[in-house]
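Below are the chains, spelled out letter by letter.
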Amino acid sequence: MNIRYLLLIIACISLIQPAVQAQRTSLDVQVLDEMMEHRHEDPVELYQHISNTTNYISMLVPVSVLATGLVRDDKVTINKGLFLAESLAASSLITAGLKYTFKRHRPFADHPFIIPASDGGSPSFPSGHTSEAFSTATSLTMAYPKWYVAVPAYAWAASVGYSRMYLGVHYPSDVLAGAIVGAGSAWLMYKVNKWLVSKKPASVLIN
């Protein structure tokens, strides 16, 4: 069951593959060129800060939920924390696999007019920061389906994705793929947990 969902995510990513193979004349490059022409120092600092929050927030959210559940001895909250952590782990694994399958160069490696304003060492496709952010936003919204959770979570995730382009370290298609992988990983783990609940009626993993 879970393999089918994973294949669906990979199939979505494969739709973006032509943009990876034709990056020199693609919309990807045109968008980044436009960003470079209108980039200013103050927004660069802001987007560097937003980008730098990704790992901290993505780790802090599941740890905080899990710790709260342990302190309160609340099994439902504990399992929500585990779900958040599982989603992040799945997203990271899928992203790493795709990065070293496509092995796409960073934009600044192929286009001298793109000046990076942040670090970018691993292959470019998909964006790891974006996949982390959207995995966190999606899993958090699934665990706590309230508008006041979803709106700031997805606003933050979208700003992370935009920051990676503005800083010149990812193409738009990298960011789109990262968003699909992140959200898809959360959805995949949600389905896996629901399946586990159906196998063990006495246990409750997620409300």
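Going by the structure above, here's the rest.
In this convention, every chain numbers its residues from 1, walking through the sequence in written order. Owing to the predicted nature of the model, reporting of local features is limited to residues with pLDDT of at least 70; listing and counting of side-chain atom pairs is limited to 80 or more, with chain, interface and lining totals taken over all residues. Calculation of side-chain values draws on the structure's entire complement of heavy atoms; hydrogens and water are dropped beforehand.

### Let's talk about the layout of surface pockets
Move 1: Two kinds of site are reported from a 1 Å grid over the protein atoms alone, namely cavities, where a 1.4 Å probe fits but cannot get out, and pockets, open sets with protein on both sides within 12 Å along at least five of seven lines, and residues are called lining when an atom falls within 4 Å of a point. Grid points are joined across faces, edges and corners, and a volume is the space filled by probe spheres set on the points. The calculated volume of the largest pocket comes to roughly 300 Å³.
Move 2: Lining the largest pocket are 20 residues, with Asn55, Gly128, His129, Glu132 and Arg164 sitting closest to its centre.
Move 3: Numbering of helices and strands runs from the N terminus; a helix is a DSSP stretch of H or I covering at least four residues, while a strand is a stretch of E covering at least two. Counting residues per element, the ones that place at least two in the lining of the largest pocket are helix H4 (41–72), helix H5 (75–102) and helix H7 (128–143).
Move 4: Note on residue classes: Ala, Val, Leu, Ile, Met, Phe, Trp, Tyr, Cys and Pro are nonpolar, Asp, Glu, Lys and Arg are charged, and everything else, Gly too, is polar. Here the lining of the largest pocket is built from residues that sort into one nonpolar, 14 polar and five charged.

### Thoughts on a nonpolar patch on the surface
Move 1: A cluster of nonpolar residues, Trp147, Tyr148 and Val151, forms a patch on the protein surface that exposes about 400 Å² of accessible area.
Move 2: By secondary structure assignment, the location of Tyr148 is in helix H8 (residues 147–166). Only residues above 30% relative accessible area that lack a salt bridge enter a patch, with like-charged residues linked at up to 9 Å and the nonpolar side chains Val, Leu, Ile, Met, Phe, Trp and Tyr linked at up to 5 Å. To measure how exposed things are, a 1.4 Å probe is used in the Shrake-Rupley method; for residues, cover is taken only from the protein chains shown. Definition used for salt bridges: Asp or Glu carboxyl oxygen within 4 Å of a side-chain nitrogen of Lys or Arg.

### Regarding the packing of aromatic side chains
The description of an aromatic ring pair uses the distance of the two centres, along with the angle that the planes make with each other.
Move 1: For Phe, Tyr and Trp, where Trp contributes only its six-membered ring, two rings pair if their centres lie within 6.5 Å, and the inter-plane angle classes them as stacked under 30 degrees, edge-to-face over 60, or tilted in between. Tallied over the full model, the rule gives seven aromatic pairs.
Move 2: With 6.1 Å between their ring centres and 65° between their planes, Phe83 and Tyr190 make a pair best called edge-to-face. Placement of the pair is Phe83 in helix H5 and Tyr190 in helix H9 (residues 172–199), with a sequence separation of 107 residues. Of the two residues, Phe83 and Tyr190, neither departs from the other in class, the shared state being buried.
Move 3: A centroid spacing of 6.2 Å and a plane angle of 50° characterise the contact between Phe134 and Tyr154, whose relative ring orientation is tilted. One end of the pair, Phe134, is in helix H7; the other, Tyr154, is in helix H8, with 20 residues separating them in the sequence.
Move 4: Across from the ring centre of Tyr144, 4.4 Å away, lies the NZ or CZ of Lys80, which sits over that ring. A 1.4 Å probe rolled over the protein chains alone gives each residue an accessible area, and that area as a share of the maximum for its type sets the label: buried under 20%, exposed over 50%, partly exposed in between. The criterion is that NZ of a Lys, or CZ of an Arg, lies within 6 Å of the ring centre and within 35 degrees of the ring normal, and then a charge sits over that ring.

### Brief notes about the nonpolar core
In globular proteins that are soluble, nonpolar side chains generally tend to be buried together.
Move 1: For our purposes a nonpolar core is just a set of buried Ala, Val, Leu, Ile, Met, Phe, Trp, Tyr and Cys residues, chained together by side-chain atoms within 4.5 Å. With 15 residues, the main nonpolar core has Val44, Tyr47, Ala133, Trp156, Ala157, Val160 and Leu167 as its most contacted residues.
Move 2: Secondary-structure elements contributing two or more residues to this core are H4, H7 and H8.
Move 3: With five residues, the top contributor of residues to this core is H8.
Move 4: Sequence-distant contacts of Val44, defined by excluding residues within four places in its chain, comprise Arg39, Ala117, Tyr166 and Leu167.
Move 5: Grouped together as the second largest cluster of nonpolar side chains are eight residues, Val29, Leu32, Met35 and Val175 included. Between two residues, a contact is recorded if the distance between any of their heavy atoms is within 4.5 Å.

### Quick word on helix H3 (residues 27–37)
Move 1: For H3, every residue scored as buried is listed here: Asp28, Val29, Leu32, Met35 and Met36. What you see down the axis of H3 is that its buried residues fit within an arc of 125°, all on one side. Exposed residues pointing more than 90 degrees away from the buried face of H3 are listed as Leu27 and Glu37. Think of the arc as the fan of directions from the helix axis to the C-beta atoms.

### Topic: the side chain of Ser139
Move 1: Following the sequence through the fold, Ser139 ends up in helix H7.
Move 2: In protein, a polar contact means a hydrogen-donor-capable atom and an acceptor-capable atom, both N or O and within 3.5 Å, with residues adjacent in sequence counting only if both atoms are side-chain atoms; elsewhere, any N or O pair within 3.5 Å suffices. Polar side-chain contacts of Ser139 include one of 2.7 Å to the backbone oxygen of Ser135.
Move 3: Dropping the residues within four chain positions of it, Ser139 is found in contact with Phe83, Leu84, Ser87 and Ala186.

### A short note on unusual backbone geometry
Move 1: With omega at -5°, the peptide bond leading from Phe125 into Pro126 counts as cis.
Move 2: With respect to the secondary-structure elements, Pro126 resides in the loop between helix H6 (107–110) and H7.
Move 3: The backbone of Asp73 sits at a positive phi, close to 55°, despite the residue not being glycine.
Move 4: With respect to the secondary-structure elements, Asp73 resides in the loop between H4 and H5.
Move 5: Its relative accessible area of 69% is what places Asp73 among the exposed residues.

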